[in-house]
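# Architecture at a glance
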Amino acid sequence: MENLEHLKIKRNIICIDLKSFFASCECIERKLDPFTTPLVVAEPNRNGAITLAVTPYMKSLGVKSRGRIFEIPSNIKYITARPRMSLYIEMSKKVIEIYLEYVSSEDLHIYSIDECFLDVTNYKKLYNKTPLELTKEILNKIRTKTGLYATAGIGPNLLLAKIAMDIEAKKSPNFIAEWSYN
């Protein structure tokens, strides 16, 4: 029988997603609050254009990211921002630098430009913090240094951390959810 000792280690994985990333970057550049600003990232003056991102405020009005401009109800007034991938890459790099202040590159898995996984299992003793305390600190540093808001799921593996983030953290007041096997 195969040695399964490695399965007994309780991992501590944090999945972090930057909220409405492209739209939030555009708001930060304009010194606007993404939670109160009706902004859409799309090619301006193209009614059939796909919205790459919308602010949390627009989402609260029922507008979805990756919809068509013409699908936005005509009674909603909004700002259109032309996509600027170089800006988003620069902001993503700043956030990655923050992650690397907490974990080594071996414990950082970049999933997309605005989402990653951090394995903080071996850092709890170093920082003398619970995964929840460490997550709060990281999200706060992201907010302070970049202006971006983030959501985070904490779990014993990548899947549970991701599901905790997607299902619960996005609705949580502190944007964090912690799930276990239980």
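See the structure shown above.
In this report, we go over the structure that sits alongside the text. By convention here, each chain's residues receive numbers from 1 onward along its written sequence. Whole-chain, interface and lining totals are the exception, using all residues; otherwise, since this is a predicted model, local features are given only for residues with pLDDT of at least 70 and side-chain atom pairs are given and counted only at 80 or more. Based on all heavy atoms of the structure, the side-chain values leave hydrogens and waters out of the count.

Before going further, it helps to spend a moment on the packing of helix H1 (residues 21-29) against helix H3 (residues 85-102). Closest axis-to-axis distance for the H1/H3 pair is 10 Å, and the angle between their directions is 95°. The angle between the axes of H1 and H3 places the two elements in the roughly perpendicular class. Contacts from Phe21, Phe22, Cys25, Glu26, Ile28 and Glu29 of H1 reach H3 at Met85, Leu87, Tyr88, Met91 and Ser92. Structural elements are reduced to axes, namely lines fitted to C-alpha atoms, with helices fitted over the stretch in contact, and the angle between N-to-C directions of any two is expressed from 0 to 180 degrees. Helix numbers and strand numbers start at the N terminus; a helix is a DSSP run of H or I with at least 4 residues, a strand a run of E with at least 2. The labels follow the angle: roughly parallel below 35 degrees, roughly antiparallel above 145, roughly perpendicular from 65 to 115, and oblique for the rest. Between two residues, a contact is recorded if the distance between any of their heavy atoms is within 4.5 Å.

With that settled, the discussion passes to the sheet that holds strand S4 (residues 79-81). Within a sheet, each strand pairs with its neighbour through backbone hydrogen bonds, oriented either parallel or antiparallel. Here, any two strands with at least 2 DSSP bridges between them count as paired. The strand order across the open sheet formed by three strands is S3-S2-S4, and the pairing between neighbours is mixed. Because the sheet does not close on itself, it has two edges, and the strands there are strand S3 (53-54) and S4. Bridge analysis of strand S2 (residues 39-41) against S4 gives three bridges, and the strand direction is parallel. Within the sheet, the bridge partner assigned to Val41 lies in S4 and is Ala81. Along the sheet, H1 contacts S2, S3 and S4; its crossing angle with S2, the most-contacted strand, is approximately 120°.

Moving on, we come to the side chain of Ser92. With respect to the helices, strands and loops of the structure, Ser92 is situated in helix H3. Think of it in three bands: residues with accessible area under 20% of the maximum for their type are buried, residues over 50% are exposed, and the middle band is partly exposed, with areas taken using a 1.4 Å probe on protein chains only. The class of Ser92 is buried, set by a relative accessible area of 7%. Ignoring sequence-local partners within four residues, the contact set of Ser92 consists of Phe21 and Ile113.

This part takes up the pattern of salt bridges. Any carboxyl oxygen of Asp or Glu that lies within 4 Å of a side-chain nitrogen of Lys or Arg is treated as forming a salt bridge with it. By the definition in use, this model includes twelve salt bridges. Here Glu43 makes a salt bridge to Arg82, at a shortest N to O gap of 3.2 Å. Here Glu43, found in the loop between S2 and S3, pairs with Arg82, found in the loop between S4 and H3; they are 39 residues apart in sequence, far enough to count as distant. Given the relative accessible area of 29%, Glu43 is considered partly exposed. Between Lys170 and Asp166 there is a salt bridge, with the nearest N and O atoms lying 3.5 Å from each other. Judged by relative accessible area, which is 36%, Lys170 ranks as partly exposed. By relative accessible area, which is 32% here, Asp166 ends up partly exposed. When salt bridges that share partners are traced, they join Asp17, Glu115, Lys162, Asp166 and Lys170 into one network.

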